[in-house]
Amino acid sequence: MTFDEFNLDAALLDGLQAMGYKKATPIQEQAIPTILSNTDLIACAQTGTGKTAAYLLPILHKITQSNHSHLNTLIIAPTRELALQIDQQIEALSYFINVSSAAVYGGGDGIAWEQQKRALESGADIIIATPGRLISILSAGDVQFKHLQHLILDEADRMLDMGFFDDIEKIISYLPKERQTLLFSATMPPKMRVLANKILKNPTQINIAISKPAEGILQQAYVVYETQKLPLLKSIMKNGSFKSAIIFAGTKEQVKKLEIELRRTNVNLKAFHSDLVQSEREEIMRAFKNNRLQVLIGTDILSRGIDVEGISLVINYDVPGDAEDYIHRIGRTARAETTGTAITFINERDQPKFFRIESLIGKEIDKIPLASEIGEGPAYQPELKRDKPNKPNGGNKSGGNYKSNRFQKKNRTIYFDLS
Ligand code: AMP
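The rules behind the values
- All residue numbers refer to positions counted from 1 along the written sequence of the respective chain.
- Only residues with pLDDT of 70 or above have their local features reported here, since the model is predicted, and side-chain atom pairs are shown and tallied only from 80 upward, although totals for entire chains, interfaces and linings are computed over all residues.
- As a rule here, side-chain values come from all non-hydrogen atoms in the structure, and water together with hydrogens is ignored.
- A run of H or I in DSSP counts as a helix once it spans at least four residues, and a run of E counts as a strand once it spans at least two, with each numbered from the N terminus.
- Remark: exposure states derive from per-residue accessible area (1.4 Å probe, protein chains only) relative to the maximum for the residue type, with buried under 20%, exposed over 50%, and partly exposed in between.
- The contact criterion used is simple: two residues touch if any of their non-hydrogen atoms lie within 4.5 Å.
- Each accessible area value is a Shrake-Rupley result obtained with a 1.4 Å probe; residue values ignore everything except the protein chains displayed when judging cover.
- Buried Ala, Val, Leu, Ile, Met, Phe, Trp, Tyr and Cys residues form a nonpolar core when they are joined through side-chain atoms within 4.5 Å.
- For helices, the axis comes from a line fit to the C-alpha atoms of the stretch in contact; other axes are also lines fit to C-alpha atoms, and the angle between any two N-to-C directions lies between 0 and 180 degrees.
- If you view the pair so one helix is near and one far, a crossing is left-handed when the near helix is turned anticlockwise from the far one by less than a right angle, and right-handed when it is turned clockwise.
- Residues are grouped as follows: Ala, Val, Leu, Ile, Met, Phe, Trp, Tyr, Cys and Pro are nonpolar; Asp, Glu, Lys and Arg are charged; all remaining types, including Gly, are polar.
- The salt bridge criterion pairs a side-chain nitrogen of Lys or Arg with a carboxyl oxygen of Asp or Glu, the two atoms within 4 Å.
- We call Phe, Tyr and Trp rings a pair once their centres come within 6.5 Å, taking the six-membered ring for Trp, and we label the pair stacked below 30 degrees between planes, edge-to-face above 60, and tilted otherwise.
- Two strands are counted as paired when DSSP detects at least two bridges linking them.
- The term polar contact refers here to a pair of N or O atoms within 3.5 Å; inside protein, the definition further demands a hydrogen-donor-capable atom paired with an acceptor-capable atom, and it admits residues adjacent in sequence only when both atoms are side-chain atoms.

Attention now goes to the overall build of the protein chain. Helices and strands together make up the secondary structure of the protein chain, namely 14 helices and 16 strands. Looking at the protein chain residue by residue over its 419 residues, the buried ones come to 55%. Of all intrachain contacts in the protein chain linking residues separated by at least 6 positions in sequence, the fraction that spans at least 24 positions is 77%. Carbon and sulfur atoms make up 48% of the accessible area of the protein chain, which amounts to about 18,700 Å² in all.

Set out below in structure tokens:
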């Protein structure tokens, strides 16, 4: 389905064209008409499905048609990273329309807070906020959402995991009862149903099933302390009887570091990252395809699109950002009916993230005991509360994957997918 079939404002369609979106994703096909018809919505869809644009497009369209747009829409997101990402998508999508947005989150310096406060007081059309910061703003009474039309909870299951249930209820007590509420969540645990029953009115429900990893992949994991990862990787590389392998790490810096460390093990390997020029990348890919190179190390830019037959081993040195990335990464092995092994290293902080991946793919992955020379690792207790929420890998979108090109209004930068 193309976007012109939704009857969206023509200037929004121009924005979509500039971003290179051609066809609506399944969640967009289902959610956009529902949201345009002012119905509440509960959508089970994870990152990577296009869920952000699925709610932003109809909301931006409605704002363009509205005569009172200030503080029109409130989006609550679990983390500062996600809030900023949503803000960036708003900037890109609204490039040709006159809509303002502001991300409001805790943890910044005094200057950032002053800027956020000014944006609120002057009445941006869309506010994207993390729960903690929003509570302090609402309790201080400086800002009132009297004219709020839309409330969106994004990654609601993550907010519940992080203990924000009461905060969300409190925030909602400050908002007008007459509003449209949209709840997006990757999973639907029972507590989410409780929340949904409290805050949504006769919602339409949408479930977007996620893809599953290929059957031929043997999936395993090691539960480790961060310091044990490198010795473990080296020992797998030294003892490995694999034909070819890809090692995925969360950041470019990590990829470069691993290349230096692993060179000492005499494995025939190369790092693949965006600092290499195109000709270098092509040469590395050719060498890997022709089996002149046994091991490739890279970030998620490697996980999309490369079609090399017969990779026997995939190692996730860091837990990927979300289930979709996990499936893409491990899908590099066991192609064309062959079998392969995918091993993930899970440090203590990444345990909740890995648990979410297991829940989403509906499978508990075998945890392999560590060899004695690596030492004892931590227990797998993903539901244990930890001091800090997980910081996503990469530092770009949550999970560090660019699935398509991005188009940023403020600094006029265009990022292109490298996959
Ligand atoms: P999300 O699930 O919202 O995190 O989106 C995942 C990625 O898909 C983001 O990088 C979006 O920019 C991109 N995206 C969303 N909708 C589309 C579309 N219809 N066509 C191409 N890319 C899209």
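Let us look at the nonpolar core. Ranked by internal contacts, the top residues of the largest apolar core, which has 41 residues, are Tyr-55, Leu-57, Leu-60, Ile-75, Ile-86, Leu-93 and Ile-126. Looking at this core, the elements with two or more residues in it are α1 (10-19), α2 (26-36), β1 (41-44), α3 (51-65), α4 (80-93), β4 (126-129) and β6 (180-185). Ranked by the residues each element gives to this core, the list is headed by α3, at 8 residues. Ignoring sequence-local partners within four residues, the contact set of Ile-86 consists of Thr-52, Tyr-55, Leu-56, Ile-75, Ala-77, Ile-128 and Asp-154. With 37 residues, the next largest nonpolar core counts Ile-127, Leu-148, Ile-171 and Leu-175 among its residues.

Now for the packing of helix α6 (residues 131-140) against helix α8 (residues 165-173). Here α6 crosses α8 at 35°, and the two axes come no closer than 10 Å. Here the hand of the crossing between α6 and α8 comes out left-handed. Contacts from Pro-131, Leu-134, Ile-135, Leu-138 and Ser-139 in α6 reach Asp-167, Lys-170 and Ile-171 in α8. In terms of residue class, the contact of α6 with α8 is made up of 5 nonpolar, 1 polar and 2 charged.

Time to look at the pattern of salt bridges. Tallied over the full model, the rule gives 18 salt bridges. Note that Glu-155 and Arg-158 form a salt bridge whose closest N and O atoms lie 2.6 Å from each other. Arg-158 gets classed as buried once you look at its relative accessible area, which sits at 15%. The residue Lys-367 makes a salt bridge to Glu-358 at a minimum N-O spacing of 2.8 Å. With a relative accessible area of 27%, Lys-367 lands in the partly exposed category. Judged by relative accessible area, which is 5%, Glu-358 ranks as buried.

With that settled, consider unusual backbone geometry. Excluding glycine, a negative phi dihedral is what most residues carry, and trans is how most peptide bonds are arranged. Here the phi dihedral of Asn-7 falls at roughly 60°; this positive angle occurs in a residue that is not glycine. If you trace the backbone, Asn-7 turns up in the segment before α1.

On inspection of all chains with the given rule, the structure shows 6 aromatic pairs. With a centroid separation of 6.2 Å and an interplanar angle of 80°, the aromatic rings of Tyr-222 and Phe-345 are classed as edge-to-face. Separated by 123 residues along the polypeptide, Tyr-222 in strand β8 (residues 217-223) and Phe-345 in strand β13 (residues 340-346) bring together distant segments of the chain. By the burial criterion, Tyr-222 is buried, and Phe-345 matches it. Centroid distance Tyr-317 to Phe-345: 5.7 Å. Interplanar angle 55°. Geometry classified as tilted. You can see Tyr-317 sitting in the loop between β12 (313-316) and α13 (323-330) and its partner Phe-345 sitting in strand β13, a full 28 residues away along the chain.

Here strand β2 (residues 73-76) shows no split at all, with Thr-73 and Ile-75 on one side and Leu-74 and Ile-76 on the other all buried. Across 4 bridges, the pairing between β2 and β4 is parallel. Residue pairing for β4: Leu-74 is matched across the bridge by Ile-127. Bridge analysis of β2 against strand β5 (residues 150-153) gives 4 bridges, and the strand direction is parallel. Following the sheet pairing, Leu-74 is matched in β5 by Leu-151.

To continue, consider the side chain of Asn-316. Residue position: Asn-316 is located in strand β12. We classify Asn-316 as buried; its relative accessible area is 0%. Separated by 3.0 Å, the side chains of Asn-316 and Thr-344 make a polar contact.

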